[in-house]
Every structure is written in structure tokens, then in C-alpha cells.
Amino acid sequence: MEDSELLNVLHVHNPWWTGKKTILPKKKRSEYTALWTALWDKQITAIIGPRRTGKSILMQQLIQQLLAEKTDPKNILFTQLDEPLLGTEKNLLIQHIIDVYTKYILSCDLHSLSEKIYIFLDEIQHVDEWSEALKSYYDKGYQIKFVVSGSSAAGITRGSSESLAGRVSLNLITTLKFADYLRFRNPNNELDKQIAKLQTILTTALENSELTAFSKTLNDSYTKIIPHQRQIEIVLSEFMIKGGYIELVETEDYQKCARYLKDLLQLVIYKDILKVFGIRNPQNIEDLLLYLANHSAELFSETSASPKLKMKQETIGEYIEYLQEVFLINSCMIYAKNRAKQLRNPKKIYISDTGIRNVLNGTYSPEAMLDTRDVGLMAETLVHNHIQSLMSHLATYRSNCYYWKNHCEIDNVIAIGKKPIPIEVKYQNEINPKDAAGCLEFAEKNESPFGIVVTKNKFAFENKIAYIPLWYFLLLC
């Protein structure tokens, strides 16, 4: 590509160079604040997550705020690397972009920069050897803050672990958590303020492993937010069916939402998985994904799935990894101090978004809320996915969340802080002492300071167990 052709593309991607403004959503995801703070770190900021979760919008919103704070427009470069016109450049693309930018826009070389410049590279996994290119600029100490995004965990994490170890921070952006969905769907300043105060209650309890302070703070906040319970539960019922893809928040037509998600699945399977991993038979991936949706929140055995899917166990294992790499599923291992025991036991698999799960299962309709068993599985999926998202921000990307199985089974075990915390989901009208038996057994065996049972409507603290309604627990994550 000639310099003039590339420059034309860059001008389209960067309208602020010529004084033009871009129209962006005013609402911001809760992750925005942390990403804004990260702009002042030297490390490369990597934003990773599923397709169509708003990564590009987040980058544009960061740019918008930089401009609002009087950053020179020419000191900001944004490029969409999945732009078809850029496809011929391959591994030299980033170098060519920066060369053209510095020559024709900055009119200086990188050694003579007097101010920091901000370079945003969207969907960077489309460029071969991107990590080596960024490492070269990073190690030379130029005044450059890089922000990159990607929809493939493999494309980002492999590059960051190989060439950019210690030079990059990973930020996982999942589909919307319930707190953001509620805020986007039904703006209410008073409620928003109360929800904002909830965000540190659970994380503080997990890190400090202390029940007394947790119960007092949770009680105080509950009394303030309970007047909004009915409003919250109405939105929660919608969220459980529709899922958290940001473009569906204000879409009332469920059939239209379902079509959107089906199209998205085809895009991820046939563009991301097929292209990145070179699968010969994409129908096998579709069959496996459908099987996992039918068994989301359940133990998964490659051995038992093999004859049902008519696939080799090794192939199923590979496909499970691919589906995780493109963020369509989450998995967790059994909680055990012995690594060999973890490997011997089956994993639990969760579809990473309830909307995707429901589309695959044919239950993408408000009527699905009438099926108590299926709603219970939706609740388990929601709780696990929210915990995974929470942990990725508390600790490192892909921090471990486990399940536990002995006489009873525990849906989730969080191993952050001083002691492991068991979290069991019992989304049902009646809660009796037996429903907490698993948490109590785990707590006794592993010296847990407390356990959590996520319920449909019970809120109480009894015998080291916090009973928290689903709608309230999701707001805490």
C-alpha cells in the first residue's frame, strides 16, 4: 500500500485531525474508569473480550475524553486493523502506520517527541507478529502510550506472554454485567448512586475473609436499595433471557435480538474460529456448542460426550479450548490442593452469556421464565459468569474459579484472599437448612470464614452463611 493510500485510511479513522467530531454513546461501561486511569501507566493496555461488547466504543470514549481535556488532536492515532484495505500489509502494517503517522501528521520522528502520543490499535490480532512490533517501540522508551484491543484471547494473550511479558496489562471486557445493564436500561440517578456504593462490598469481603463487617455493610446497603427491588427484578427477568450484549439493551423485539445473536454466532464460528484455528468442519463446532448450551452449568466429560457427538475426545478437547479463546464459554476445575486430582476430574462448562445459551436452546422468549428448572440453570450461569468477570478485575486475567464435589456439590469456589469462599446457587422459592449443607461442609473442611447461598428471595445471615437474593448478588459483582 502506498503512503498516500494509507494516509487516506488514517484520516477516515481519525476525524479529529481535521476538527470533526464523532458521535458516541454517553453511557459508559463500569470498566471505563479503570481504563482511563491506565492511560497514565507506561504499560501497554490490552482490552480483550468477545465480539460486539463495546471494546471499540470504549477506545473511542477514551479518545473523546483526551480531546475534552485539551490533548492535541494530532497526538492521538486510532486504527481499525480489521479494515479490509489494510489486509495486504501483514506483519509490517503497524510499522507502516506509525511511519506514515509520524511523517505526515506529527511531522517529526519519534526520538524528538516533546509530548506523549496515544496510539489505539483496534482488533490487533489481525496483524501477524504484532507483539514484536510493539515491543520494539516500547523498549526504545518513546513517549507512546499504546492501547490495543482484540476479540481472540489466543491472539492477544500468546503475544503478550511471549514478547511483551511485563510490558502489557490485560483488561477483560465481557458482555454487560447486570449492574451496567440495569443502569443502561432504566436510568435512575438515585438507584445508580446506591448501586455504585455496592461495588466494593463483596470484593472487600472476599479479600479480607471477614463475615461480621460483610454482614453489617450488606444489611445497611440492602435497606437502602430494597425500595427499588421490584424495578430491579423486572429488568433482571429480561436480562436473564436477552443476555448482556450491549446492542440489545434497548431492543424490545425478542425475535430481532435472537436473529442478532444467531448472526453473531455465525460470525464468530466462521470468521474467528475457522480463520484462526483452521478447522475443516465447522459443523462440528456448532454441534459441540449446542451440546454445551444444553448442559451449561453442568459437569462435562469428553469421554461421555464423544459418542453422542461422534467426535474423538482429543478433537472435543481442542474445540473446547477454541470456544474459550473466542469467549463463548467459561470452564472451571474442581477445587483441590492436588493438581493431579484437578486433572482427573471433569470440568464444569458455562456458556458465557445467557442470551447465547437461550438462542442455542430455543428458549429465547419471556415464556422461558415459567420453566423453573431452566431458570435455575440460567441463574447458575449468570452467577458463575459474574464471578469470573469480578475475579478478572480483582486478580489476574483468567483467575481461577472452582467447583467442589464431595457429599454435596458447590457451584463456585473463589480462591482470592486469605481463605476460599464457597458460593452455591439455590434459585428457588423455599430455602431450607439442607440447601446450605454443602457450603457448611466445605467451610469446615477448608476453614472458610463464611459461605454464600444465592437465593431467589431470601436475605439473611445464619450460621456463617450469607443468603443473598440473585438480583442483589449480581449488583455486588
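This text follows the structure it describes.
Residues numbered from 1 in each chain as written. Predicted model: local features only at pLDDT ≥ 70, side-chain atom pairs only at ≥ 80, totals over all residues. Heavy atoms only, no water.

## Structural notes on a negative patch on the surface
Okay, so step 1: On the surface, a cluster of negative charge is contributed by Glu 302, Glu 314, Glu 318 and Glu 321.
Okay, so step 2: With 3 residues, the single largest contributor to the negative patch is helix H15 (residues 313-325).
Okay, so step 3: For Glu 318, the position within the fold is in helix H15.
Okay, so step 4: On the basis of relative accessibility, which here comes to 41%, the residue Glu 318 falls in the partly exposed class. (Patch = residues over 30% accessible without salt bridge, like charges linked within 9 Å, V, L, I, M, F, W, Y side chains within 5 Å. Areas by Shrake-Rupley, 256 points an atom, 1.4 Å probe, with all protein chains shown as cover. Salt bridge = Lys/Arg side-chain N within 4 Å of Asp/Glu carboxyl O. Lys, Arg positive; Asp, Glu negative; His and termini not counted. Charge placed at Lys NZ, Arg CZ, Asp CG, Glu CD. Helix = DSSP H or I, 4+ residues; strand = E, 2+ residues; numbered from the N terminus. Buried < 20%, exposed > 50% of the residue type's maximum accessible area, 1.4 Å probe, protein only.)

## Here's the deal with the packing of aromatic side chains
Okay, so step 1: Summed over the entire model, instances satisfying the criterion amount to 22 aromatic pairs.
Okay, so step 2: Look at Trp 36 and Trp 40: their rings are 5.3 Å apart centre to centre, the planes differ by 90°, and that puts the pair in the edge-to-face class.
Okay, so step 3: Residue Trp 36 is classed as buried on the basis of its relative accessible area, which comes to 13%.
Okay, so step 4: Chaining the aromatic ring pairs together yields one cluster made of Phe 214, Tyr 222, Phe 450, Phe 459, Phe 461, Trp 471 and Tyr 472.
Okay, so step 5: The side chain of Lys 42 reaches across the aromatic face of Tyr 138, ending 5.0 Å from its centre.
Okay, so step 6: Just above the ring of Tyr 467 sits the side chain of Lys 458; from NZ or CZ to the centre is 4.1 Å. (Phe/Tyr/Trp six-rings, centres within 6.5 Å; stacked < 30°, edge-to-face > 60°. Lys NZ or Arg CZ within 6 Å of the ring centre and 35° of its normal.)

## Some points on the pattern of salt bridges
Close approach of charged atoms allows side chains of opposite charge to pair.
Okay, so step 1: Scanning all chains against the criterion turns up 18 salt bridges.
Okay, so step 2: The partner of Glu 252 in a salt bridge is Arg 185, and the shortest N-O contact between them spans 2.7 Å. Taken together, the positions of Glu 252 in the loop between helix H11 (229-242) and helix H12 (254-277) and Arg 185 in helix H7 (residues 178-185) put the pair 67 residues apart, joining distant regions of the chain.
Okay, so step 3: Taking the shortest distance from any N to any O, the salt bridge between Arg 357 and Asp 374 comes out at 2.5 Å. Within this pair, whereas Arg 357 is found in helix H17 (residues 354-361), its partner Asp 374 is found in helix H18 (residues 372-394), the two being separated by 17 residues in sequence.
Okay, so step 4: We classify Arg 357 as buried; its relative accessible area is 2%.
Okay, so step 5: Take Asp 374: its relative accessible area is 11%, and that puts it in the buried class.
Okay, so step 6: Several salt bridges converge on common partners, so that one network encompasses Arg 185, Glu 238, Lys 242 and Glu 252.

## Quick notes on helix H1 (residues 3-13)
Okay, so step 1: Among the residues of H1, those classed as buried are Leu 6, Leu 7, Val 9, Leu 10 and His 13. For H1, the angular spread of the buried residues around the axis is 160°, confining them to a single face. Within H1, the exposed residues directed more than 90 degrees away from the buried face are Asn 8 and Val 12.
Okay, so step 2: The inward-facing, buried residues of H1 contact strand S2 (76-80) and helix H4 (93-106). (Arc of directions from axis to C-beta. Contact = heavy atoms within 4.5 Å.)

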